[in-house]
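# An overview of the molecular structure
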Amino acid sequence: MPKVYGTGVYDFRRHRVAEYALDQPVVPPSQPPPPLQSEKPPPVGFTLSEIQRDRLTRIASANWGVSATESGFKPELVKEIYETELLVSGKGRKTVPLHRVMILEVSQYLENYLWPNFDPDSASFEHVMSMILMVNEKFRENVAAWTTFHDRKEAFKGFIWRVLRLKDEQKALSLAEKTNYLLFMINAFQSLEDEIVSETIMQLVSLQLWHSLSSGRFQMELFLNPHLIKKWKKLTRKEAKEAKKKGEDFDPKKVLEVRFLRNLIEEFLEILDSKVMVSEPDEDSMNEPDQINDSCVLYCERFMEFLIDLLSQLPTRRFLRPLVANLAVVSKCHLSMLYTHEKGRLFSQLVDLLQFYEGFEIDDHFGTQLSDDDVMLTHYSRLQAFQLLAFKQVPKLRDFSMCNIGSIHKRADLTKKLLVLSDEELRELVCQKLKLISENDPCSPRRDFLTEVMISFFSKRQSQKEAINALPLYPNEQIMWDESLVPSINYSGEGCLALPKLNLQFLTLHDYLLRNFNLFRLESTYEIREDIQEAVPHLLAYVNNEGETAFRGWSRMAVPFKGFRIKEVKQPNIGEVKPASVTAEIEFTVSSYRAQVRSEWDSLKEHDVLFLLSIRPSFVPLSADVADKSTVPERLGLQFVRGCEVIEVKDEEGNLMNDFTGRVKREEWKPPKGDLRTVKVALDPAQYHIDVTEKESDDVYGSFNILMRRKPKENNFKAILESIRDLMNETCIVPEWLHNIFLGYGNPSAAQWVNMPDLLDEIDFKDTFLDSEHLVDCFPNYEVSFVNSDGTESTNPSPPFRIKFPDSLKRDAKNLPGNNARLALDDQNNAQKEKLVVESYVPADPGPYPQDKPNQNSVRFTPTQVGAIISGVQPGLTMVVGPPGTGKTDTAVQILNVLYHNCPSQRTLIITHSNQALNDLFEKIMQRDVPARYLLRLGQGEQELATDLDFSRQGRVNAMLVRRLELLKEVERLAISLSLPADSAHTCEAAGYFWLLHVYSRWERFVVEAEENRDKKGFVKERFPFKEFFADVSERVFGGEDFERDMRAAKGCFKHLSTMFQELEECRAFELLKLTADRANYLMTKQAKIVAMTCTHAALKRKDFLQLGFKYDNLLMEESAQILEIETFIPMLLQRQEDGHARLKRCILIGDHHQLPPVVKNMAFQKYSHMDQSLFTRFVRLGVPYIELNAQGRARPSIAKLYNWRYRELGDLGFVRENPIFHKANSGFSFEYQLVNVEDYNGRGESAPSPWFYQNEGEAEYIVSVYIYMRLLGYPASRISILTTYNGQKLLIRDVINRRCKMYGIEPPNKVATVDKFQGQQNDFILLSLVRTRFVGHLRDVRRLIVAMSRARLGLYVFCRRELFEQCFELQPTFRLLIERPDKLGLNLEETSPFTERLVESNGVVRFVQGVEDMEQIVNLRLHQLYQMQTMNRNARIGNGAEVEEEEKESEMGLDSNTEGEPPVNDNKMAVDDSGEQTELDTQAGGGVAPSDDNEMKE
């Protein structure tokens, strides 16, 4: 397409990375480095200066830094660094000295020293291991790891083979080295999209691997997969031939690819069996004899992760799974001591996950998902074959062979039946007759092992659907505080977790849904856990004298209660064991709450989710030592947590509150009475069944005493989980053209429009092109030929245009407009340009009235945007990457406009991440030629639309009813003008008959007569049958001098009439349907052509859409790089399949994967599970072709340079190069952008009153001073936004603004927000605070940097600690430009108004600000001068006897004259939350720290 990317090697290998190899400036050594010896690593919180003084940094400067003084490569230095700095001794869980590795990685040890000097043949063991550690660290930091190796691909292959042969070398690896080696293999197999990695690493899991199977298992696999026999024979012949050429004996088991994984597995099993338990005391270890070896535990956990990763991807699973089964890995893990040990909890969870993927319901060789019937049939076939074998060959099992299958497929039954066999007979059965394992297996003599193998092979497994349906949707206290499932916020990435991963590929759609279901559920659990830990401490629970739990405090989100009753437990449905439903009633009082909080509790409504907590604090408060060692539930006294859903809420008098079911009529509604509230809730039946059957000793439901609510916007998890679960219970029909790509297999470009059937041969572009020159510019690869509608050449072509696409364009998307590479190639080859025939036609006259005239596009689309429009209108998958300011929304709107006119019968669904983006898109659609009656906006953000029209369902229904009355009046007027009775205008049905009998019949007669009288110029004017009706037109309709012109006008008049009666026909349904709900549902399912909603609304209402029969043909998704995978997938399935096929024809994804990803609050789910990967980003990684818009029209070209390096060919539109506003300087400032260095203020830089709540008082004061300075110059507050990278700083800046601006009456800025929250927005001037002074923090994520740099149009001023950020490798392309200018803020104090004629290239008279205090003095001086001037003016007016209009004059200056003197200094910093309330920051545990933004991402 314009340029279509993704078909070749793509450099976007890992998310959150910088992939541009730039030199890292290193501090030059002040002295030669001392002899290398191990030293104590720096403290955990080491600073930049400590890193610069560190020995490793000095060595780096001398040997591989920019100013390196030592020349040449020293292998002995690599060996010394590895042995003294990188090795770990002992048996702990640490595999590397993390801080030493971090220093080496930051110094570019890999890029500048290890890799350039690597030789596969001569590199030492330490050299290879050092490279392994550096790659692992890059993965831990989520930094691009493989791009370093792309310059020497052959050498990289040598490196991989050297890594694979590493264990064959004489040097034995320690357990820590084995773990690091294993982690490298995990990272390699997680990077299969990188060709240089997959090309080598995939040879380890090819068919060749089956040489390592036992002979019995090998025969079984070939019997089960006969299609592989021919391929196997061909493979063995080829291997024998190659061995013969080399003069060697053919022994496939000696080949590295064959034995590598088997040796690795056998090594793991040996460690698991013999080294996990510490039998002798170790000086370097905390472990005592007969205790668990922690380093072995970590290795075993990592190995489980390794196998899970391999079995959860089809390309690596296909031939490996038989080997894992042959070695009985799962059975041996089940029998290991670690599996049942308390330290092996994570290991046991990983083993269970491995068992799940080993038995996953899929055909490994064809990739098809097995249905429940297929699985059951396979299970029965196995048991039947076993019974037949037992009957023939094992006399002792004769009774077993005669049993029905239902009595032998359970674990206990099967174990009992096998007891009749002796140990030797059982071994013979398993190893020789069934051939499940090899006779040489070291565990084969063990009876318990043989029994476990039999059970794992023949026992019935629970269906995946049954398992998911039996799982409670609400989290409980056990899962909430399980660190292996829901890790705390300080996850460092050093260990593994019992979590699924979202990577490139999935086994089946069910696998995809299951992984997302588990991750979404656990992410919601984490957020709920945080809310509980925030709310409960404020209640101050204690045990009173009666021994009951009481509460001294109060919490906004949690209320104590005493009345809880189970009201009804319905019988289970057929085939289930859990109750059909469980309802309960809760009584609580709101008497202690003030009005605002009380109204929040009173706003509870149906389907809201609440949580029941059981709090039982200890009688004696925990001591400090005990509290430190205890868990969070123990400290809170939390016993149980259960979720529930509101059914109804009643006040003290039993009246229903917030009822939307129609039981309470609107006119009968009354405010709630009294303080007592009764809530009827639905409990989770699955959880209730578990509690009743497994927790009989504990009265869970009789112990609840706290009811907790959550913010409504954060509490929609249950509906989304239900939608995912419903999808897993359905036959998910993804369009065939998208299915394989969605799972990550097949040709990435298979869904591109050029490979799709049923293409549109001709497209009517309507108002896309402003003129013929615009069209020619958009198709530079073609010789454009304009023709008229009759086929003659057009000498003066004008829009609209129709284009018939030549075959070359439909065969290859690279021929589309905007492909500069193709254009350069054509110029180089002097190729003959192909002809492109464009029809210039005259559109039909829309009608004589002004409202009949269609809205016209005014955007001059670039060739790349036109290519995106063409791709979007054609069927298939279209992906558009839109860098900041490149017109993503305009492109999306034009796709919708052209699509509507070319496929008027099709319906389109619009999905966005945020209400703001949806409203922006919707407002622009309303300005195009799409009738308002076909537009519908669903969700809660409709009221924010900047329009007088109401586009909600109710608003559209009302509009249709009003329009019906207006149209019927017009019909009545038409009847009168035709001298007919007016009774035809009573109903839409009558109007329809009137149209056929009196309007259309007259028009047909008129057309026939007109054809016969074409030679009469005044015929149309005289004989037009409806001229009386159009007599009220302001301009004359018919001139009577030109027949063709008058006939065209007549057709326009008839078009107006036909449109009028068409609208009446569409209103007829609203006339027949009497209920408002029925009318609204009809509007949504039948009437509306373009329906818009957020992804959250789509997930919440999916069940309703299915019940109503909602249908759509096209899906357009804006902000798709900000939407979670599952929230992108659900909108594709909001309709039921038609005859087994999906109706969806087009999927248009528009986003920018170089900006911030979806918000995932828990870092473990981000780093380990990649949950923040969007479907858009995954498609890009898979190599799906995409169009990248390449011209920005938002910012000054100089500001755009700060971020355009991240994009391939991002240039500037002519608008920003020519418009005078982009050439004028910013008044009062010497530069249009600048980095302002902020030193410590009052002796400190960054601070953290509570964890992750970073603040920097100096930057806050500096930024607010600059803001006041801009306001005093006259800059409007609406054009200034203040951004920061941390929520704590945002609240601090708001506090400083309140303290310093309010007293002068200075209006606060347009926005004070975090960078994350401001994504998708822009402003003329941005003041940016980066906060950190010790670590770069999460700005090292380049995507956050791109968002921060691209918000400003005219001025960007970055306040930070220069020495920290300028040395960050990932940020250098931006900060190199920033530090080219002085790092002290440059002001032009001679300019005293917001307007200046100074050009942006001129700095004027520069006054450099020396720091925070200097800026405050400048502002205070200006304030004092203005105050004196105001006083003099006031005195002069009073002296003249004039009335002083204080408020009006002073509001113009932005000041408050009632304030005398200087403002009082408030040293006690206050945080202002989003609701405007001030709360003093409480740094104590559980205190009222202000809540963070939804988009706040923690490190």
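Description of the structure in this document. Please read these numbers as outputs of a predicted model, since none were measured by experiment.

## Section: the overall build of the protein
Secondary structure assignment for the protein yields 57 helices and 37 strands. In the protein, buried positions account for 56% of the 1499 residues. Across the protein, contacts joining residues at least 24 apart in sequence account for 77% of those joining residues at least 6 apart. Roughly 64400 Å² of accessible area belongs to the protein as shown, and the carbon and sulfur atoms make up 49% of that amount.

## A word on the environment of Thr-95
By secondary structure assignment, the location of Thr-95 is in the loop between helix H3 (75–86) and helix H4 (98–106). Between the alpha carbons of Thr-95 and Asn-180 there is a distance of 6.8 Å; along the sequence they are 85 residues apart. Excluding its chain neighbours within four sequence positions, the residues that come into contact with Thr-95 are Val-88, Ala-176, Thr-179, Asn-180 and Leu-298. Within the structure, the side chain of Thr-95 is placed 3.1 Å from the side chain of Asn-180, a separation counted as a polar contact.

## Here we look at the pattern of salt bridges
Using the criterion set out here, one finds 84 salt bridges in the structure. With a shortest N-O distance of 2.7 Å, Asp-1113 and Lys-1145 are connected by a salt bridge. Of this pair, Asp-1113 sits in the loop between helix H45 (1102–1108) and strand S22 (1114–1117) while Lys-1145 sits in the loop between helix H46 (1125–1129) and strand S23 (1146–1151), placing them 32 residues apart in sequence. With its nearest N and O atoms 4.0 Å apart, the salt bridge here joins Arg-1244 to Glu-1257.

## Quick look at helix H32 (residues 736–743)
Listed as buried for H32 are Trp-737, Leu-738, Ile-741, Phe-742 and Leu-743. Structurally, H32 contributes buried residues whose contacts are with helix H26 (509–535), strand S18 (876–881), H46, S23 and helix H48 (1175–1182).

## Notes on the pairing of strand S27 (residues 1233–1237)
Within S27, five of the five residues are buried, which leaves it mostly tucked inside the rest of the structure. Of the two faces of S27, the one lined by Tyr-1233, Leu-1235 and Asn-1237 and the one lined by Gln-1234 and Val-1236 are each fully buried. As judged from the five bridges shared by S27 and strand S33 (residues 1352–1360), these two strands associate in the parallel manner. Considered in S33, the bridge of Tyr-1233 is made with Leu-1356.

## Considering empty space enclosed by the protein
If a probe the size of a water molecule is rolled over the atoms, the empty space left behind becomes visible. Applying the stated criterion across every chain, the model contains seven cavities of 30 Å³ or more. Quantified by volume, the largest cavity comes out at close to 110 Å³. The wall of the largest cavity is formed by 17 residues, among which Ile-308, Asp-309, Ser-312, Pro-500 and Lys-501 lie closest to the centre. Looking at the lining of the largest cavity, the elements that each hand over two or more residues are helix H13 (294–311) and helix H18 (345–358).

## Re the pairing of strand S31 (residues 1311–1314)
As paired strands, strand S30 (residues 1280–1284) and S31 are joined by four bridges and run parallel to one another. From the neighbouring strand, Thr-1284 faces S31, where its bridge partner is Thr-1314. Crossover handedness for the path S30 to helix H52 (residues 1287–1301) to S31: right-handed.

## Structural notes on the sheet that holds S30
Pairing is parallel across the open sheet formed by five strands, whose spatial order is S27-S33-S32-S30-S31. Each edge of the sheet is formed by a strand with only one pairing partner; in this case those strands are S27 and S31. Ignoring which end each strand starts from, the neighbouring axes of this sheet average 20° apart. Strands S30, S31 and strand S32 (1323–1329) of the sheet are contacted by H52, whose axis makes an angle of about 160° with S31. Lying over the sheet, helix H53 (residues 1342–1349) contacts S32 and S33, oriented at roughly 125° with respect to S33.

## Regarding a nonpolar patch on the surface
Among the surface-exposed residues, Tyr-993, Leu-996 and Leu-997 lie close enough to one another that they form a single nonpolar patch of about 350 Å² accessible area. By secondary structure assignment, the location of Leu-997 is in helix H40 (residues 988–1012).

## Overview of H26
Helix length check: H26 (27 residues) gives 38 Å between terminal C-alpha atoms against 39 Å at 1.5 Å per residue, within 8%. The opening residue of H26, the one whose side-chain oxygen lies 3.3 Å from the backbone nitrogen of His-510, is Thr-508.

## Observations concerning the packing of aromatic side chains
Within the structure shown, the criterion is met by 73 aromatic pairs. For the ring pair Phe-139 and Trp-146, a centre distance of 5.7 Å and an interplane angle of 65° mean the geometry is edge-to-face. Among the residues examined, Trp-146 registers a relative accessible area of 0% and is labelled buried. Between Phe-1029 and Phe-1030, the aromatic rings sit 5.0 Å apart at their centres with planes inclined by 90°, giving edge-to-face as the arrangement. Phe-1030 matches Phe-1029 in its accessibility class, with the two residues each being buried.

## A few points about the sheet that holds strand S15 (residues 782–787)
Spatially, four strands are ordered S14-S16-S17-S15 in an open sheet, and the strand pairing comes out mixed. Each edge of the sheet is formed by a strand with only one pairing partner; in this case those strands are strand S14 (762–764) and S15. On average, adjacent strands in this sheet sit at an angle of 25° to one another, irrespective of strand direction. Pairing geometry for S14 and strand S16 (residues 801–804), over three bridges, is antiparallel. Note that in S16 the partner of Glu-762 across the bridge is Lys-804.

## Topic: the packing of helix H8 (residues 175–189) against H13
Two numbers describe how H8 lies on H13: the axes approach to 10 Å, and their chain directions differ by 20°. If you check the angle between H8 and H13, you find them roughly parallel. With respect to the hand of their crossing, H8 and H13 are arranged in left-handed fashion. Together, Leu-175, Lys-178, Thr-179, Leu-182, Leu-183, Met-185, Ile-186 and Phe-189 of H8 and Ser-295, Cys-296, Leu-298, Tyr-299, Arg-302, Phe-303, Glu-305, Phe-306, Asp-309 and Leu-310 of H13 make up the contact between the two elements.

What counts and what doesn't
Residues numbered from 1 in each chain as written. Predicted model: local features only at pLDDT ≥ 70, side-chain atom pairs only at ≥ 80, totals over all residues. Heavy atoms only, no water. Helix = DSSP H or I, 4+ residues; strand = E, 2+ residues; numbered from the N terminus. Buried < 20%, exposed > 50% of the residue type's maximum accessible area, 1.4 Å probe, protein only. Contact = heavy atoms within 4.5 Å. Areas by Shrake-Rupley, 256 points an atom, 1.4 Å probe, with all protein chains shown as cover. Polar contact = N/O pair within 3.5 Å; in protein donor to acceptor, adjacent residues only side chain to side chain. Salt bridge = Lys/Arg side-chain N within 4 Å of Asp/Glu carboxyl O. Pairing = 2+ DSSP bridges. 1 Å grid on protein atoms, 1.4 Å probe; cavity = no way out; pocket = protein on both sides within 12 Å on 5 of 7 lines; lining within 4 Å. Points joined across faces, edges and corners; volume = space filled by probe spheres on them. Right-handed = clockwise from strand over helix to strand, strands pointing away. Axes fitted to C-alpha atoms, helices over the stretch in contact; angles between N-to-C directions. Patch = residues over 30% accessible without salt bridge, like charges linked within 9 Å, V, L, I, M, F, W, Y side chains within 5 Å. Expected span 1.5 Å × (residues − 1). Phe/Tyr/Trp six-rings, centres within 6.5 Å; stacked < 30°, edge-to-face > 60°. Parallel < 35°, antiparallel > 145°, perpendicular 65-115°, else oblique. Left-handed = near helix turned anticlockwise from the far one by under 90°.

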